[in-house]
Amino acid sequence: MSDVLRPGQTIGILGGGQLGRMLAMAAARLGFRTHIYEPGAAPAGEVAGRTTTAAYDDAEALAAFAEAVDVVTYEFENVPAEALDLIEARVAIRPNRNALSVSQDRLTEKMFLKDIGLKVAPFAPVDAGEADAAARLAQAIAEVGTPAILKTRRLGYDGKGQARILSVHDGPAALEAMAGADAILEGFVKFEREISVIAARGTDDRIACFEPGENVHRDGILHTTTVPAHIDSGTRERAFGIAGTILAALDYVGVLGVEMFQTADALIVNEIAPRVHNSGHWTEAGALIDQFEQHIRAIAGWPLVDPVRHSDVVMTNLIGDDIDGVPDIAAENGARIHLYGKAEARAGRKMGHVTRVTGPAADR
Ligand code: AMP
């Protein structure tokens, strides 16, 4: 593959959810074709040129997919390593494998972040295979302190696979919630706010960060992102510095989401997502370029755009039944609606989002 893709070439996307859908739409605007690979239902298939519906262990389907595209990216970080091996033998994967493997496992991720000098919550591994997991958890609680959160190391999202621990008595129930999976115990961070930086790095090593958004979660799921975040300029620069350090350490190409906790005196990295991120959806309505096009540009070897914010915005996720409010939202002036085309509105399911422009960006 040449480093630079031309319009008309094809971008392969692993994962066919809403993030894949929005990536495919952005790719189409730049004249690229897209090919989605997704084992299940694929909202992205509605807007992509081609969709392969096959499992991540279907070697034949993976090989055919890899042969049919000019670069592969992903909207989903839990693609099995064997699938990636098969693809990488045929076509480049951007962002690279290392970014994926670091973020697939919360323990690896925490160790990586600590190794590159960033602050993370205190943590201790609690492996399922240990003879006496209860004793190991008690020891981890003693190391980390309470309150704490026990999380599965892999495959957790939107607060799933997590259990709060207020005292050592909560141990057994928390272990049960892990359902036999390896876990990590994290000290609970007393944060003032949660922020995230959506950052991009190009093939020319250039780094471009969108302004931090301030995130509010409900039941472990992102509810709103408000931009600008209520932080001072020093904190903003430190947040950019953290994102840049991560991108450079991973030799990353593409868009990355970094979630952080702001405490009284520090920024603590919660987790990284090696892909476009829900807390970056505001960029569609608030900045000169959105995170999806920035990602497509990066992986296509195109120059990044200066991600200047032109408006103050609040992005609100439409979860489950929230979708019923769409007719009213549609009647609101200045409310930008983005729906994902999912047939069924189950509780906790992300159905769409709305971004409300609250004013022009004040001069900073
Ligand atoms: P996560 O899946 O790790 O992003 O966690 C989902 C949400 O749970 C976060 O956005 C926080 O609101 C909360 N949370 C997770 N880990 C911690 C922690 N160590 N301290 C405080 N809050 C946390």
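Quantities reported herein were computed from a predicted structural model and do not represent experimental measurements.

Looking now at the side chain of N278. For N278, the position within the fold is in the loop between β14 (267–273) and α9 (283–286). Judged by relative accessible area, which is 8%, N278 ranks as buried. Within polar-contact distance, the side chain of N278 engages the side chain of K350 at 3.0 Å. In contact with N278, not counting residues within four places along its chain, are L222, M315, N317 and K350.

An order of β3-β2-β1-β4 is seen for the four strands of this open sheet, with the pairing classed as parallel. Where the open sheet ends on each side, the last strands, each with one partner, are β3 (50–52) and β4 (71–74). Along the sheet, successive strands turn relative to each other by an average axial angle of 25 degrees, direction set aside. Taken together, the four bridges between strand β1 (residues 10–14) and β4 define a ladder with parallel strand orientation. Residue pairing for β4: I11 is matched across the bridge by V71.

Right, let's talk about the packing of aromatic side chains for a bit. Summed over all chains, the structure comprises six aromatic pairs. These aromatic residues form a ring-pair network of at least three members: Y37, Y56, F65 and F76.

Attention now goes to the sheet that holds strand β5 (residues 123–126). Reading across from one edge, β5-β8-β6-β7 is the order of the four strands in this open sheet, with antiparallel pairing throughout. A strand with exactly one partner marks an edge of an open sheet, and here the two such strands are β5 and β7 (162–165). Strand-to-strand twist in this sheet, taken as the mean axis angle between neighbours without regard to direction, amounts to 20 degrees. Inspection of the sheet shows β5 paired to strand β8 (residues 183–187) by four bridges, in the antiparallel sense. Pairing of P125 across the sheet is with I184, part of β8. Along the sheet face, helix α6 (residues 133–144) touches β5, β6 (148–152), β7 and β8 and points at about 175 degrees away from the line of β5.

Moving on, we come to the side chain of N215. Residue position: N215 is located in strand β11 (residues 213–218). Only 3.0 Å separates the side chain of N215 from the side chain of S196, close enough to count as a polar contact. What N215 contacts, discounting residues up to four positions off in sequence, is E194, I195, S196, L222, T224, T225 and S279.

Okay, the domain arrangement of the protein chain next. Frequently, the measure chosen for interface size is the accessible area removed from exposure when the parts meet. Its domain assignment divides the protein chain into domain 1 (10–93), domain 2 (122–187) and domain 3 (193–360). Each of domain 1 and domain 3 has a C-alpha centre, and the two are 22 Å apart. Taken together, the contact pairs 19 residues of domain 1 with 22 residues of domain 3. Across the interface of domain 1 and domain 3, roughly 1800 Å² is buried in total on both sides, 70% from carbon and sulfur atoms. When the area that domain 1 buries against domain 3 is broken down by residue, the three leading residues are Q18, M22 and L30, summing to 30%. Among the ionic pairs, R29 bridges to D290, the shortest N-O distance being 2.9 Å. The interface formed by domain 1 and domain 3 holds six residue pairs in polar contact (both at pLDDT 80 or more) in total. Elements with a contribution of two residues or more to the side of domain 1 that touches domain 3: α1 (18–29) and β4.

This next bit is on the packing of helix α4 (residues 97–104) against helix α5 (residues 106–115). Between α4 and α5, the least distance of the axes is 5 Å, while the angle of their chain directions is 110 degrees. Comparing the axis directions of α4 and α5 gives the class roughly perpendicular. The residues of α5 that touch α4, namely those facing S101, V102, S103 and Q104, are R106, T108, E109 and F112. Tallied by class, the residues present in the contact of α4 with α5 amount to two nonpolar, four polar and two charged.

Attention now goes to the site of the ligand. Lining the immediate surroundings of the ligand are 15 residues, of which K151, Q162, V189, E194 and E271 lie closest. Measuring from an oxygen atom of the ligand, one finds a side-chain N or O atom of H217 at 3.4 Å. Within the side chain of E259, one N or O atom sits 3.5 Å away from an oxygen atom of the ligand. When the free accessible area of the ligand is taken as 470 Å², the share hidden by the protein chains comes to 94%. Both of domain 2 (122–187) and domain 3 (193–360) provide at least three residues apiece to the shell around the ligand.

Turning to the nonpolar core, a few remarks are in order. Membership of the largest hydrophobic core comes to 47 residues, with the highest contact counts inside it found for L14, I87, I246, V258 and I272. With six residues, helix α8 (residues 233–249) is the single largest residue contributor to this core. Looking at this core, you find at least three residues from each of domain 1 (10–93) and domain 3 (193–360). Setting aside its immediate chain neighbours within four residues, I272 contacts V102, S103, E109, F112, L113, I246, L250, L256, G257 and V258.

Rules used throughout
Residues numbered from 1 in each chain as written. Predicted model: local features only at pLDDT ≥ 70, side-chain atom pairs only at ≥ 80, totals over all residues. Heavy atoms only, no water. Helix = DSSP H or I, 4+ residues; strand = E, 2+ residues; numbered from the N terminus. Buried < 20%, exposed > 50% of the residue type's maximum accessible area, 1.4 Å probe, protein only. Polar contact = N/O pair within 3.5 Å; in protein donor to acceptor, adjacent residues only side chain to side chain. Contact = heavy atoms within 4.5 Å. Pairing = 2+ DSSP bridges. Axes fitted to C-alpha atoms, helices over the stretch in contact; angles between N-to-C directions. Phe/Tyr/Trp six-rings, centres within 6.5 Å; stacked < 30°, edge-to-face > 60°. Domains from an automatic or database assignment. Buried area = accessible area lost by both parts, 1.4 Å probe. Salt bridge = Lys/Arg side-chain N within 4 Å of Asp/Glu carboxyl O. Parallel < 35°, antiparallel > 145°, perpendicular 65-115°, else oblique. Nonpolar A, V, L, I, M, F, W, Y, C, P; charged D, E, K, R; others polar. Near = heavy atom within 4 Å. Areas by Shrake-Rupley, 256 points an atom, 1.4 Å probe, with all protein chains shown as cover. Core = buried A, V, L, I, M, F, W, Y, C linked by side-chain atoms within 4.5 Å.

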